[in-house]
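Listed below, chain by chain, are the residues.
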Amino acid sequence: MDPPGDELIFFVNGKRILERNAEPEMTLLTYLRRKLGLTGTKLGCAEGGCGACTVMVSKFHRHHNRLVHHAVNACLAPLCSLHHCAVTTVEGIGSIASKLHPVQERIAKAHGSQCGFCTPGIVMSMYSLLRNNPQPTMPDVEEAFQGNLCRCTGYRPILEGYKTFTKEGGCCGGRGKANGCCMTNGNATNPDFTNGHKEDHINGNSTMSDQPLYDPSEFMPLDPTQEVIFPPELMSMSKEPLGEVRFRGERLLWIQPSSLTELLDLKACYPDAKLVVGNTEVGIEMKFKNLLYPVILAPAYIPQLNSIQHTKDGIVFGASCTLTVMGDVLRTAVATLPPHQTELFKAILEQLRWFAGLQIRNVAAVGGNIMTASPISDLNPVFMAAACRLTLASKGGTRVVEMDGQFFPGYRKTILKPEEILLSVEIPYTKKGQYFSAFKQSPRREDDISIVTCGMNVLFEEGSNVVKDLQLSYGGMAPTTVLASGTSKKLLGRPWNESLLEDACVSLAEEMTLAPSVPGGMVTYRRTLTISLFFKFYLTVQHKLAQDGVNVEDVRPDYSSATEIFHAETPSSVQLYQAVPPGQNTDDVVGRPIMHLSALKQATGEAIYCDDIPCYENELHLALVTSAKAYARIKSIDTAEASAVPGFVTFVSFKDIRGSNMTGPAVYDETVLAEDTVTCVGHIVGAVVADTQAHAQRAAKAVKISYEEMKPVVTIQDAIESQSFYQPVRTIKKGDVAQGFKESDHILQGEIHIGGQEHFYLETNCTLAVPRGEDGEMELFASTQSASKTQALVAKAMGVPANRVVCRVKRMGGGFGGKESRSTVLSTVVAVAAQKVKRPVRCMLDRDEDMLVTGGRHPFFGRYKVGYMNSGKVKAVEVTFYSNAGNSMDLSLSIMERALFHMENSYNIPHMCGTGYLCKTNLPSNTAFRGFGGPQGMMVAESWMSDVALACGVPSEEVRRLNLYKQGDLTPFNQCLQQFTIDRCWQECLEFSNYHQRKAAVDEFNRQHRWTKRGICMIPTKFGISFTAVFLNQAGALVHIYTDGSVLLTHGGTEMGQGLHTKMVQVASRTLGIPSSKIHITETSTNTVPNTSPTAASASSDLNGMAVYNACSTLLQRLEPYKVKNPTGSWEDWVRAAYFDRVNLSANGFYKTPDLGYDFDTNSGRPFNYFSYGVACSEVEIDCLTGSHKNVHTSIVMDVGKSLNPALDIGQVEGAFMQGVGLFTLEELRYSPQGYLFTRGPGMYKIPAFGDIPTELKVSLLRDAPNERAIFSSKVGEVE
Ligand SMILES: Cc1cc2nc3c(=O)[nH]c(=O)nc-3n(C[C@H](O)[C@H](O)[C@H](O)COP(=O)(O)OP(=O)(O)OC[C@H]3O[C@@H](n4cnc5c(N)ncnc54)[C@H](O)[C@@H]3O)c2cc1C
Ligand code: FES
Ligand code: FES
């Protein structure tokens, strides 16, 4: 029998933990959440790509003799790696009940938390930064957030809130509390800065608003002396010698040797053992590639592997040195050594800037990067171009090799023998006349894998420009890191001039080839990059030679931007909104920028999401078994291997469904569990139920399905060819298009493809189903936008009436339409499983499963024909849309209808005809996504509008202005535009953005820059508010007043971060005339408000707000006699009096939007209650050599009526804008021709990160624009 493992000792939030059964496969995150019940730390991706799981790990670094605090991804940190470490989670730094930490307080009060799912991770990244550096700079803050994602806020408020901690923050952050905030008492530390709070304060003093969005003078000061100390026990342990420790798990042995000799002995004994330092590679392989390494050796504490030696030739780093340590050492060297010696160091530092996020760099080892031998490693091309020397060690001794073209003999292979390890890498100094550059090109600048990455090293004959040695090494161009040796050889002895450049380009084009079918695609782009990156190197070296006095001509001024290294400017912003009227009661919070009511809880980790609900004692976990084929008949399902996995309980198939297996939100055209045929990769075939999530997932992977494949229809083009469409085909037609074309001066035709988009809500879909044990009752806790739909579809699958099923939703970590209907594909399976096993069953999808199974925004293809006049006035448009609906109807028809309702965007087109086809394909069903087809329809419109402007040679803003609607115009669907504000938005946006000056500056910039170009554009939008399915435009509310005067409010909408509950409390507070502190919302549930519509269509605060108002008004009427009788009494007095008088203090409210209903056959009736308008202007800069771009400036003017809450509304505008930036410039779903989704996690699918926000972002809510058609004259409650 194997000996038992050692004891694992570590601290969590100051508490000593002794774990006798440490499981080497368990991550710190699972341990925190499941074992310790610390659910503040969230799971967003399990691959180190989102930062939701960030915690701080502190340890005494024996080799560097100092205490270090690092932000770390708990999802990748093996539990066993924490021996003798102290972990701090979001719960450990502050709480509402005890005391908030300033980091928690400021993100909440600055409106930097919407759904809050990313918030604990962001809080911990900031906290870790401040522990190391109590007054950081803004670049430090931006670096700290490179590994954190937020899908809701658009990042601006987070950065601004945290700017108050920085040197350049300019705001005392309340430190000058005695006489108020520095910004208001005139003591600002830097009165000249022009962003962040100053702008807020400018708002405050302007005619627009008498209040900033938040007041930094309220912020608690940061007091670094109050932080939790490093446990003294660990400190004294760190002085004792370390012995070998072993942890034995179900499948894995983890050994932490204490010396190099021990390690080498072990490696000789277990040649296949993996060495794990950061686990950022091995963790991913085990989790996502289903690899198993039975023996893990953890060399993190071995002195020789952590040593840093400065030798006469360079610096030697032990292989376990983390990238953060390496960066710190190189930075110091650059600051202290002569510049010519540190050319290589600077190149490595440049690569490290864009290497993963800080959480990864804090744990990932330099040796791990080398030994992974990834063809897109960012360090290996630099090490190879520098011919770094590597020391290898084994029981038999050491040997030194150069990293050259032979070091990587094949894909993910090195020349190391199985019993060898990498001991160290020597990074040499450079010499006089030697120049080094490194470049990395990736889709997103921050935390992204490379498309092409390279290191370039040239040495000149002394004092000349004649090449003595040249090494060009590329990643991303072959299965291994490679040298362009042929090109280098040809250029030896040549002067560094244009002739060399020309030959180099020709030679690189010949040498750096790629097969058309190469993994990663983008063949032409990648080949072009090898040349354009060399061109950048050429110019950079030319410039350096000139500066170093070598007789060469310096780079032309208009070329010089090609030599510049990217430096982000610290973003600045403005937010304008209309203040509440003077004299408004201070208790009346309508119109005030009050904080999201859950923000503080979200920032402390106390906010409960579905998967944070404590486990039931007899609870089981579920994992989905999904189809690996896009279109196939299922021949057999073999569960034998799965059922042998420990903890396996059952396999659930369609045969276990007691009710109906047919499901769907609009029509029942899909299965809960596939029967004999699968129609997409990710089609749910069955589910495994087991005692733990790990066992369920392992067993699910062991289920074997054999298929008989059929030819799938994957793309829109495939569907058009095979005429694979759902019915009906919708058309909207106004005027006489043929006549319009005849009357036009010109006609043009065009087409545009718009890709799909993944919702990437930070919280994946989650359901906990709890059988109640009698009468078929089932209680569901679900992360869904549609509580009633979940209830109905679960009841249908279970074969029970809806009255036996309760669906409860506390909050979601983001929705964006993705949890409107597709959340039910999980809920129904979990409920069916719970019904079968008669025990609570839980499943939170992993990110890759969620992306695979739940679909996203519809890809669209638009074909258009446009008739227009010489002036640019458009006369007639004919447009055909095709959307990729996927393998079921879901909401695709309504989405297409909305695309058609927005096909003219904001332009008055006299003759217009649009037709929409829904392509039936073998992709997972696509679904609702913010804008619901509107953005696709508008994008096609803007495409033809741009074509017209270009064809006429008229500036695009003039053509757009010329065609804009006017008050009273009729849309193609014959709805009259009333209370029309787009012309005001347009005018204000022109001024707000300084459009004309900006455009002139853009022209000048482009004249002066050959390789970088800028562009600017203004785009209007008009968006119809209402569900296009009329029956959904209804809402209910239930309000109870208790005898102590407190009010419990329930309504039909769900909270997903958009602040709906906050707004509903504001509405109830004003209606009842009581402070919002007396009102509480617990959750949304189907047993309080029945038959609710999904929280969607941007109509939820309109609908639910009116229902809440109606319920509150009823209660107010009932209380009226008691108010009259006791006019000086308090609310509590009136409530008590009414109670004793036996008055019903509970009321429900109901609302349905009047005058709605559109008929496609007659093109009559009103589809929308009203329209919302907005205009945005953006200026962008593009690097013509690489395609990199940055957003220089964006101004947005948005009509949200009389805002119920300007902070929430501005948050929605900014967050939605950044999601649009993602859709149109960054995010790309990639499928194989067989319908297999490649992009299944943040590693492959890039949503905008902190660094992608515009350098200058200005938002203004249109003033004096009350909307008489919604609650308290507001508009567009939220942008779901
Ligand atoms: C979110 C994320 C972002 C990333 N971004 C980048 C990026 O931008 N650029 C990039 O290049 N990489 C990136 N990576 C890859 C990865 O972080 C690096 O390769 C990292 O340096 C690996 O180090 P580690 O200590 O975590 O390796 P581990 O996972 O601990 O080990 C990796 C491999 O190295 C072997 N190994 C480690 N040390 C030794 C040794 N001394 N001797 C022999 N073998 C050894 C192990 O056996 C294992 O096979 C990213 C990874 C993640 C998860
Ligand atoms: S959950 Fe750990 S980084 Fe995403
Ligand atoms: S608030 Fe950041 S993901 Fe929702």
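Keep in mind that this is a model prediction, so the values were computed, not measured.

A word on the state of the cysteines
No. 1: Enumeration over the complete set of coordinates arrives at zero disulfides.
No. 2: Cysteine Cys388 is unpaired, with the sulfur of Cys321 as its nearest cysteine sulfur at 14 Å.
No. 3: Of all cysteine sulfurs in the structure, the one in Cys919 sits closest to Cys913, which takes part in no disulfide; the separation is 18 Å.
No. 4: In this structure Cys913 comes out as buried when scored by relative accessible area, which is 11%.

Some words on the pairing of strand β2 (residues 15–19)
No. 1: Here strand β1 (residues 8–12) pairs with β2 via five bridges, running antiparallel. Within the sheet, the bridge partner assigned to Ile9 lies in β2 and is Leu18.
No. 2: A loop of two residues connects β1 with β2, the two strands running antiparallel in sequence, and Asn13 in this loop sits at a positive phi of about 50°.

Let's talk about the pairing of strand β34 (residues 860–868)
No. 1: Counting buried residues in β34 gives seven out of nine residues, a clear majority hidden from the surface.
No. 2: Here strand β29 (residues 746–754) pairs with β34 via nine bridges, running antiparallel. Its bridge partner lying in β34, Ile747 is registered against Gly867.
No. 3: Bridging between β34 and strand β35 (residues 874–886) involves nine bridges; their strand directions are antiparallel. Bridge assignment links Arg863 to a residue of β35, and that residue is Thr880.
No. 4: Linking β34 to β35, which pair antiparallel, is a turn of five residues; within it Gly872 sits at a positive phi near 105°.

A few points about empty space enclosed by the protein
No. 1: In total, this model carries 12 cavities of 30 Å³ or more according to the counting rule given.
No. 2: As for the largest cavity, its lining consists of 32 residues, and the residues nearest its centre are Lys59, Val277, Ala300, Asn362 and Val363.
No. 3: The residue inventory of the lining of the largest cavity, partitioned by class, reads 18 nonpolar, 12 polar and two charged.

Quick notes on the sheet that holds strand β47 (residues 1256–1261)
No. 1: Read across the sheet, five strands follow the order β19-β47-β46-β45-β37 without closing on themselves; strand pairing throughout is mixed. The open sheet terminates on both sides in strands that have one partner only, identified here as β19 (572–576) and β37 (1012–1025). On average, each strand axis in the sheet is tilted by 10° relative to the strand beside it, whichever way the strands run.
No. 2: Sheet topology note: the strand β45 (residues 1170–1183)/strand β46 (residues 1189–1198) ladder contains nine bridges and is antiparallel. Bridging across to β46, Ile1182 finds its partner in His1189.
No. 3: The strands that helix α6 (residues 156–163) touches are β19 and β47; relative to β19, the one it contacts most, it runs at about 105°.

Cut-offs used in this document
Residues numbered from 1 in each chain as written. Chains lettered and ligands numbered in written order. Predicted model: local features only at pLDDT ≥ 70, side-chain atom pairs only at ≥ 80, totals over all residues. Heavy atoms only, no water. Disulfide = S-S within 2.5 Å. Buried < 20%, exposed > 50% of the residue type's maximum accessible area, 1.4 Å probe, protein only. Pairing = 2+ DSSP bridges. Helix = DSSP H or I, 4+ residues; strand = E, 2+ residues; numbered from the N terminus. 1 Å grid on protein atoms, 1.4 Å probe; cavity = no way out; pocket = protein on both sides within 12 Å on 5 of 7 lines; lining within 4 Å. Points joined across faces, edges and corners; volume = space filled by probe spheres on them. Nonpolar A, V, L, I, M, F, W, Y, C, P; charged D, E, K, R; others polar. Axes fitted to C-alpha atoms, helices over the stretch in contact; angles between N-to-C directions. Contact = heavy atoms within 4.5 Å.

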